[in-house]
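Working through the structure, step by step
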Amino acid sequence: MAETKHTDIRPLKDRNKPKIYIETYGCQMNVNDSEVILRIMQDAGYVLTDNIDEAGVILANTCSIRDNAEQRIWGRIEQFRLQKRRRNVVIGITGCMAERLKDSLLENHTVDLVAGPDSYRNLPEMIKAVTPDNPQINVLLSQEETYADISPVRMDRNGISAFISIMRGCNNVCSYCVVPYTRGAERSRDPQSILREARELADNGYREITLLGQNVDSYLWENGRKTDFADLLESVADSVPGIRIRFSTSHPKDISDKVIETMARHGNICRHIHLPVQSGSNAMLEKMRRKYTREWYLERVGRIRSVMPDCGISTDIIAGFCGETEKDHEDTLDLMKAVGFDSAFMFQYSERPGTLAARKYPDDVPADVKTARLNEIISLQNTLSLESNRKDVGKRFRVLIDGTSKRNAEEFCGRTSSNKVCVFSAPGYGIGDYAEVVVRSCTSATLLSRLADAEE
Ligand code: SAH
Ligand code: SF4
Ligand code: F3S
């Protein structure tokens, strides 16, 4: 008898339904969008499969943020196309590459379907209409779409931590960034629908939610009275007991004292702010159109720490932006040291066609210089993360267990409120439990801990 790799444990009623396979790239908002797509497709009668060979529809929910992100996805699309040699299958591209590359993705029958971030409600109809000679495309961006009424089907599987998109799009014009072009204008979602989703998650056993937006500080809902991000944070914190709250991303130009003070007032809002600085050089920040200076950034960090000394601060950094000199680079290293970031995402500048920087400034830092600078930034951050973690050795933390350790399945891992990863053994505990731990030692990435009441 032929061996089958997958044992079908789905209920009988689902086995004959059409199957959809979804691969997701990019940011947390894209992950959440895949969950919205899955709800829309489930309502249209599809079931999710993780076995690409049995899928009738294969979707790549894509990211355009850097060229290497797109290149990786192209490799996968080539693999998806191999499926077509064997059988009839619809291959679709959704997300930011769909929006950026539009109908060029249909040339040479690359794919059958192209759907931008605001057209997911039409996916079932579009898929139905696909024939070999009739590919489907919808890349219209909307001023209103927030999918507020669609309850995402969570794909995380740990059932502990979930994303809630509170807004879509971006109204900033950071000169290097493709997001405003791929996601369109910023729009906020009705706070009532956000609260409803948060309560639903709590009722379903979730223990942590992350409120998502490209720039959460510019969240604004007006309906007789104004609800800004601090107000939203406050009402989520007050009305969803038993859940801890994170949010991302904060923009340094917009993060307000009101938000910082709201965090400080609520024990269930995690003490962590992701505050992308991008560069420590004022000349670069100006060219990047970030609309703040290094002095402003340092003042905001000072403010956060004076109100919440235990608040974790992480960042994003771009190495080798247009015209970046050695001095500009030194300014970035210097700012990193001045702040002492707990962690960072670090990238080489990648020119994105159509952006202001691509039109205005030559991408003139040689590739080897970009790489060298990025390596220096990464190496400094490793030192800073280690220093930050060393300060936590001996301290006690409350950790939400969200999985088992990659190295040792007998150990749990979880995050502190400040977003640091702890690994520890905790017999009798389970995923979703809180544990009180004491840090014994650390690496630059992990706090190696033990249960606070366990014998040494
Ligand atoms: N909205 C968020 C970030 C979105 S993109 C914010 O404003 O902070 C995530 C990160 O990717 C950015 O913070 C930036 O560091 C990086 N990034 C964006 N465009 C890039 C580009 N063209 N090249 C390299 N990194 C880029
Ligand atoms: Fe891009 Fe800037 Fe908007 Fe972030 S704030 S998504 S970096 S344009
Ligand atoms: Fe990528 Fe689009 Fe997110 S470009 S980072 S998936 S908004």
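Provided above is the structure to which this section pertains.
This structure is a prediction, so every number in the text was calculated from the model and none was measured.

**Observations concerning the site of ligand 1**
Taken together, 15 residues lie around ligand 1, and Q214, P276, Q278, D316 and S350 are the ones closest in. For ligand 1, an oxygen atom lies 3.1 Å from a polar atom in the side chain of R66. With respect to ligand 1, the backbone of Y176 contributes an N or O atom lying 3.0 Å from a nitrogen atom. Of all elements in the fold, only β15 (312-319) and β16 (343-348) reach the threshold of two or more residues within the shell around ligand 1. Taken together, the residues that form the shell around ligand 1 break down as six nonpolar, five polar and four charged.

**Some thoughts on empty space enclosed by the protein**
Within this structure, the stated rule accounts for two cavities of 30 Å³ or more. The volume enclosed by the largest cavity comes to roughly 70 Å³. As for the largest cavity, its lining consists of N32, D33, V36, T146, Y147, I150, P152, I164, S165, R168, R189 and E197. At the level of secondary structure, the elements contributing two or more residues to the lining of the largest cavity comprise α2 (28-43) and β7 (161-165). Of all the elements, α2 adds the most residues to the lining of the largest cavity, at three residues. Taken together, the residues of the lining of the largest cavity break down into five nonpolar, three polar and four charged. Both domain 1 (12-138) and domain 2 (161-390) contribute no fewer than three residues apiece to the lining of the largest cavity. Taken as a whole, the second largest cavity spans an internal volume of roughly 30 Å³. Surrounding the second largest cavity, M29, R168, G169, R183 and Q214 form its lining. Residue classes in the lining of the second largest cavity are distributed as one nonpolar, two polar and two charged.

**Points about the site of ligand 2**
Every residue near ligand 2 is listed here: C170, N172, C174, Y176, C177, V179, P180, Q214, H251 and R290. For the shell around ligand 2, the residue count by class is six nonpolar, three polar and one charged.

**Description of the pattern of salt bridges**
Overall, the coordinates contain 36 salt bridges when judged by the stated rule. The partner of R100 in a salt bridge is E70, with the nearest N and O atoms 2.7 Å apart. Placement of the pair is R100 in helix α4 (residues 96-101) and E70 in helix α3 (residues 67-86), with a sequence separation of 30 residues. On the basis of relative accessibility, which here comes to 2%, the residue E70 falls in the buried class. The closest approach of N and O atoms between E208 and R246, which form a salt bridge, is 3.2 Å. Of this pair, E208 sits in strand β10 (residues 208-212) while R246 sits in strand β13 (residues 244-248), and the two are 38 residues apart along the sequence. Here the two residues E208 and R246 agree in accessibility, since each one is buried.

Cut-offs applied
- Residues numbered from 1 in each chain as written.
- Chains lettered and ligands numbered in written order.
- Predicted model: local features only at pLDDT ≥ 70, side-chain atom pairs only at ≥ 80, totals over all residues.
- Heavy atoms only, no water.
- Near = heavy atom within 4 Å.
- Polar contact = N/O pair within 3.5 Å; in protein donor to acceptor, adjacent residues only side chain to side chain.
- Helix = DSSP H or I, 4+ residues; strand = E, 2+ residues; numbered from the N terminus.
- Nonpolar A, V, L, I, M, F, W, Y, C, P; charged D, E, K, R; others polar.
- 1 Å grid on protein atoms, 1.4 Å probe; cavity = no way out; pocket = protein on both sides within 12 Å on 5 of 7 lines; lining within 4 Å.
- Points joined across faces, edges and corners; volume = space filled by probe spheres on them.
- Domains from an automatic or database assignment.
- Salt bridge = Lys/Arg side-chain N within 4 Å of Asp/Glu carboxyl O.
- Buried < 20%, exposed > 50% of the residue type's maximum accessible area, 1.4 Å probe, protein only.

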